[in-house]
Amino acid sequence: MMNRSLSAFGVIATIAIVAPAQAAPTQIIRFGETVVRLDAGFLGALNTLGVAPSNIQPGRLAVDRRGNVFAGFPVTTGAIDLGTGKAEISHVGGLSLTAGSTVVELTDFDIDSLQPSPVLTGLVTVNGNLVGRLPLFSLMSKSPVNLPVSLNNGFVLQVSGIKLALTSEAAGALNSVFGINNLTGGIPIGVAATTAFVF
């Protein structure tokens, strides 16, 4: 269920601070959180299709005073190259999508920009049966490949302004599970920002 308070998510912002010259190119990510401001059009489409989203703990959903819906997922580990923006960032928690007796769970998200086309993958479970890890959302930023990275105080990592879009594979899977044909690849899902600590 959605929590009206956003205090748990902290401040979502892009901090344009250049990483210190002495910082090693590759940093190990220890913990943090990725927050996604969900696209109103995507939420409207789910509502029209009779699909209700909810959080899977420790993932969270919240609504601000303007009606914007945010999803937050704790970061557990990962690594990022500060020079190139190439990264793999792992999360826990997720989202469930329910329509009637059908429940699709999307969990354990991984941000992967090691490949030419950055993607967010997740474990997909349908009515308790594990389908597998699928590429769920493509990741887009001002740079076609690299994530926009900044480092604050030498250990606070900021990755902001990442646009998420539904992949064709995920759209096909959801259409099949829910018995619809409305979802297509490229549908905007939201804009993500990751704040994490590196040591």
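Preceding this section is the structure that the text describes.
Conventions we followed
Residues numbered from 1 in each chain as written. Predicted model: local features only at pLDDT ≥ 70, side-chain atom pairs only at ≥ 80, totals over all residues. Heavy atoms only, no water. Helix = DSSP H or I, 4+ residues; strand = E, 2+ residues; numbered from the N terminus. Buried < 20%, exposed > 50% of the residue type's maximum accessible area, 1.4 Å probe, protein only. Contact = heavy atoms within 4.5 Å. Areas by Shrake-Rupley, 256 points an atom, 1.4 Å probe, with all protein chains shown as cover. Arc of directions from axis to C-beta. Phe/Tyr/Trp six-rings, centres within 6.5 Å; stacked < 30°, edge-to-face > 60°. Polar contact = N/O pair within 3.5 Å; in protein donor to acceptor, adjacent residues only side chain to side chain. Core = buried A, V, L, I, M, F, W, Y, C linked by side-chain atoms within 4.5 Å. Salt bridge = Lys/Arg side-chain N within 4 Å of Asp/Glu carboxyl O.

*Asks:* Honestly, the overall build of the protein in this entry has me stumped. Any pointers?
*Replies:* Regarding its fold elements, the protein presents two helices and 12 strands. Listed N to C, the secondary structure of the protein is β-α-β-β-β-β-β-β-β-β-β-β-α-β in terms of helices and strands. Taking all 199 residues of the protein together, 46% fall into the buried category. Pairs at least 24 apart in sequence give 61% of the contacts found in the protein among residues at least 6 apart. Entry remark: accessible area of the protein is about 9,800 Å², with carbon and sulfur atoms responsible for 57%.

*Asks:* Honestly, helix α2 (residues 168-178) in this entry has me stumped. Any pointers?
*Replies:* Those residues of α2 that fall on the buried side of the exposure criterion are Ala170, Ala171, Leu174, Asn175 and Phe178. Buried residues of α2, seen end-on, are gathered within an arc of 135° and therefore sit on one face of the element. Away from its buried face, by an angle of more than 90 degrees, α2 presents the exposed residues Ser168 and Ser176. Of the surrounding secondary structure, the elements contacted by the buried residues of α2 are β6 (94-99), β7 (102-112), β9 (129-140) and β11 (156-166).

*Asks:* Looking at this model, I keep getting lost on the environment of Val159. Mind explaining?
*Replies:* Along the chain, Val159 turns up in strand β11. The sequence separation of Val159 and Ala196 amounts to 37 residues, and the corresponding C-alpha distance is 8.7 Å.

*Asks:* Got a minute to help me understand the packing of aromatic side chains in this structure?
*Replies:* Centre distance and the angle of the planes are the two values used to describe a pair of aromatic rings. Under the defined criterion, the tally for this structure stands at three aromatic pairs. Measuring from ring centre to ring centre gives 6.2 Å for Phe155 and Phe197, while their planes differ by 25°; the resulting arrangement is stacked. Taken together, the positions of Phe155 in the loop between β10 (149-152) and β11 and Phe197 in strand β12 (residues 188-198) put the pair 42 residues apart, joining distant regions of the chain. Through successive ring pairs, a cluster of aromatic residues spans Phe31, Phe155 and Phe197.

*Asks:* I keep staring at unusual backbone geometry and nothing clicks. Help me out?
*Replies:* Most peptide bonds take the trans configuration, and most residues that are not glycine carry a negative phi. Of note, the amide linkage connecting Gln57 to Pro58 takes the cis form, showing an omega dihedral of 5°. Position of Pro58 relative to the elements: it lies in the loop between β2 (52-56) and β3 (60-63). One non-glycine residue, Asp108, lies in the positive phi region at around 50°. Within the secondary structure, Asp108 is located in strand β7. Note on Asp108: relative accessible area 28%, which makes it partly exposed. At Asn127, a residue that is not glycine, the phi angle is positive and equals roughly 50°.

*Asks:* I would appreciate a short explanation of the side chain of His91 in the present structure.
*Replies:* Position of His91 among the secondary structure elements: in strand β5 (residues 87-91). Here Thr34 takes part through its side chain, which lies 2.7 Å from a polar atom of the side chain of His91. Not counting residues within four places of it along the chain, the set of residues in contact with His91 comprises Thr34, Phe73, Pro74, Val75, Thr76, Asp108, Phe109, Asp110 and Ile111.

*Asks:* What is the right way to read the side chain of Thr167 from this model?
*Replies:* Tracing the backbone through its elements, the reader meets Thr167 in the loop between β11 and α2. Using a relative accessible area of 12% as the deciding quantity, one classes Thr167 as buried. Separated by 3.1 Å, the side chain of Thr167 and the backbone nitrogen of Ala170 make a polar contact. Setting aside its immediate chain neighbours within four residues, Thr167 contacts Val119, Pro135, Leu136, Phe137, Ser138 and Gly185.

*Asks:* Sorry, what's going on with the nonpolar core here?
*Replies:* One broad trend across soluble globular proteins is that nonpolar side chains are buried collectively. Of all hydrophobic cores here, the largest spans 47 residues; its most connected members are Leu136, Leu164 and Leu166. Those residues in contact with Leu136 that sit more than four places away from it in its chain are Leu106, Phe109, Leu120, Thr121, Gly122, Val124, Ala165, Leu166, Thr167 and Ala170.

*Asks:* Looking at this model, I keep getting lost on the pattern of salt bridges. Mind explaining?
*Replies:* Opposite charge on two side chains allows them to pair when their charged atoms are near. Counted according to the given criterion, the structure contains two salt bridges. With a shortest N-O distance of 2.5 Å, Arg60 and Glu33 are connected by a salt bridge. Of this pair, Arg60 sits in strand β3 while Glu33 sits in strand β1 (residues 26-38), placing them 27 residues apart in sequence. When its relative accessible area of 12% is taken as the criterion, Glu33 is described as buried. Between Arg133 and Asp110 there is a salt bridge, with its nearest N and O atoms 3.9 Å apart. One end of the pair, Arg133, is in strand β9; the other, Asp110, is in strand β7, with 23 residues separating them in the sequence.

So yeah, pure geometry; function would need other evidence.
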